[in-house]
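Reading the structure
Given next are the chains, with one letter for each unit.
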Amino acid sequence: MPKKVRKAVFPAAGLGTRFLPATKASPKEMLPLVDKPLIQYVVEEAVASGIESVVIVTGRGKTTMEDHFDISFELEKLLEERDKKDLLKEMRAISEMARVTYVRQREPLGLGHAVLQARDCVEDEPFAVMLSDDIIDSETPALKQLLDVYEKYDAPVLATMQVAGEAITRFGVIDCEEVEEGVYKINDMVEKPKLSEAPSDLAIIGRYVLTPDIFDELEKTTPGAIGEIQITDGMRALLKKRPFYAVRFKGIRHDAGDKLGFLIANVAFALKRPDLAPEFKEYLKSLDL
């Protein structure tokens, strides 16, 4: 039996330039999707998948994330005094959902470098990496789908989805063979290939289950053209030493790191809310489009 995955790493030190000026003083991860910050959705997914400990890799100006997952004594006292029991319960649940540790990435030197900063917290354990840009709406949590495959094959696992046409050039792409329905053994992976050079239409999405030997490979990884250490390069090096798998997860992925994707996600999640959906639907129907 492979070791249980108890920890998840959340790289959250990026500058969020695609959302400026909103992210000039506020982390992209704290942008509200309806009424919860993006990162909370993904932490909830981690906890629902059995994760016990969360490691958030932060940078300068990211302290609001720490405040969000901490106890807010003044707010809780106010809600208690005003008999806002449901809100009080919701606020307490945020600070109690997982053990949260923070490590600092002093410079935004790529996703691989961000993951490397969590090495001392992860220690010699398998772990998940989750990107809060990728909001996945699914019946079974997306990470749980990966963990089931990790436990079966005792090997690192990536999330993948089919991406058509030119859009594939924005992703890491896997060269693979299907070993069972929706599960692939990876032969190679390419970061942001030209359309003509993409080995498949299966893109790597921001959910990973990795083994601790990835850290040695990331330490040896040379920064790329823009001076960043890419996690794909580290995984390719590790692929030469151990098998990797990918799961075509069941669910809908929203690219909340893109303005249009973020707007679409807000509409989709608002329409799932019983307290908002009826009036919101009527509003949408009334628009002269």
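Everything that follows concerns the structure shown earlier in this document.
Notes on the structure in this doc start here. Model, not experiment: these values are computed from the prediction.

1. Describing the overall build of the protein
Helix and strand counts for the protein come out as eleven helices and 13 strands. Radius of gyration (C-alpha) of the protein: 20 Å, near the 19 Å computed for a compact globule of 289 residues. Principal-axis analysis of the C-alpha atoms gives the protein an extent of 60 × 50 × 40 Å. The buried share among the 289 residues of the protein stands at 47%. Partitioning the intrachain contacts of the protein with sequence separation of at least 6 by distance along the chain shows that 76% fall at a separation of at least 24. Carbon and sulfur atoms form 51% of the exposed surface of the protein, whose accessible area is close to 15,300 Å².

2. A word on the packing of aromatic side chains
What characterises a pair of aromatic rings is the spacing of the ring centres plus the angle enclosed by the ring planes. For the structure on display, the rule yields five aromatic pairs. Here the aromatic rings of Tyr41 and Phe269 are separated by 5.3 Å at their centres, their planes lie at 75°, and the arrangement is edge-to-face. With a gap of 228 residues between them, Tyr41 in helix α1 (residues 38–48) and Phe269 in helix α10 (residues 259–270) connect regions that are remote in the sequence. By the burial criterion, Tyr41 is buried, and Phe269 matches it. Residues Phe127 and Phe215 carry aromatic rings whose centres are separated by 5.1 Å and whose planes lie at 5° to one another, so their mutual orientation is stacked. With Phe127 in strand β6 (residues 127–130) and Phe215 in helix α8 (residues 214–220), the pair connects residues that are 88 residues apart, well separated along the chain. Like Phe215, Phe127 is buried. It is Lys36 that lies over the ring of Tyr41; its NZ or CZ is 4.5 Å from the centre.

3. What about unusual backbone geometry?
Look at the link from Leu20 to Pro21: it is a cis peptide, with omega at 5°. Relative to the helices and strands, Pro21 is located in the loop between β1 (7–11) and β2 (32–33). Positive phi, normally seen in glycine, also occurs at Glu123, with a value near 60°. Among the structural elements, Glu123 can be located in the loop between α6 (119–122) and β6.

4. Points about the pattern of salt bridges
One pass over the full model with this rule turns up 25 salt bridges. Residues Asp255 and Arg253 are paired through a salt bridge, measuring 4.0 Å at the closest nitrogen-oxygen approach. Note that Lys285 and Glu282 form a salt bridge whose closest N and O atoms lie 3.7 Å from each other. Of this pair, Lys285 and Glu282 are both found in helix α11 (residues 277–286), three residues apart, which corresponds to roughly one turn of the helix. Exposure remark for Glu282: the relative accessible area of 49% places this residue in the partly exposed category. Residues joined in a network through salt bridges with shared partners are Arg6, Lys7, Glu52, Glu123 and Glu125.

5. Concerning helix α7 (residues 142–153)
For α7, with twelve residues, the first-to-last C-alpha span of 17 Å sits near the 16 Å given by 1.5 Å per residue. One or two residues past the end of α7 sits Asp154, with phi positive at roughly 50°.

Parameters and conventions
Within any chain, residue numbers begin from 1 and follow the written order of that chain's sequence. Restriction of local features to residues with pLDDT of at least 70 applies here, the model being predicted, together with a cutoff of 80 or more for giving and counting side-chain atom pairs; totals for whole chains, interfaces and linings are based on all residues. Water and hydrogen atoms were dropped before computing side-chain values, which therefore reflect all heavy atoms in the structure. Under the scheme used here, helices are H or I runs from DSSP no shorter than 4 residues and strands are E runs no shorter than 2 residues, and both carry numbers assigned from the N terminus. We take the radius of gyration over the C-alpha atoms and set the globule estimate at 2.2 Å times the residue count to the 0.38 power. Accessible area is worked out with a 1.4 Å probe on protein chains only. A residue is then buried under 20% of its type maximum, exposed over 50%, and partly exposed in between. Contact definition: two residues touch when any of their heavy atoms are within 4.5 Å. Surface accessibility follows the Shrake-Rupley procedure with a 1.4 Å probe radius. Residue values consider only the protein chains on display as shielding. The aromatic pairing rule takes the rings of Phe, Tyr and Trp, using the six-membered ring of Trp, and pairs them if the centres are within 6.5 Å, calling planes under 30 degrees apart stacked, those over 60 edge-to-face and the rest tilted. A ring has a charge above it when a Lys NZ or an Arg CZ is no more than 6 Å from the ring centre and no more than 35 degrees off the ring normal. Here a salt bridge means any side-chain nitrogen of Lys or Arg lying within 4 Å of a carboxyl oxygen belonging to Asp or Glu. Residue count minus one, scaled by 1.5 Å, sets the expected span of a helix.

Nothing here speaks to function; it is geometry throughout.
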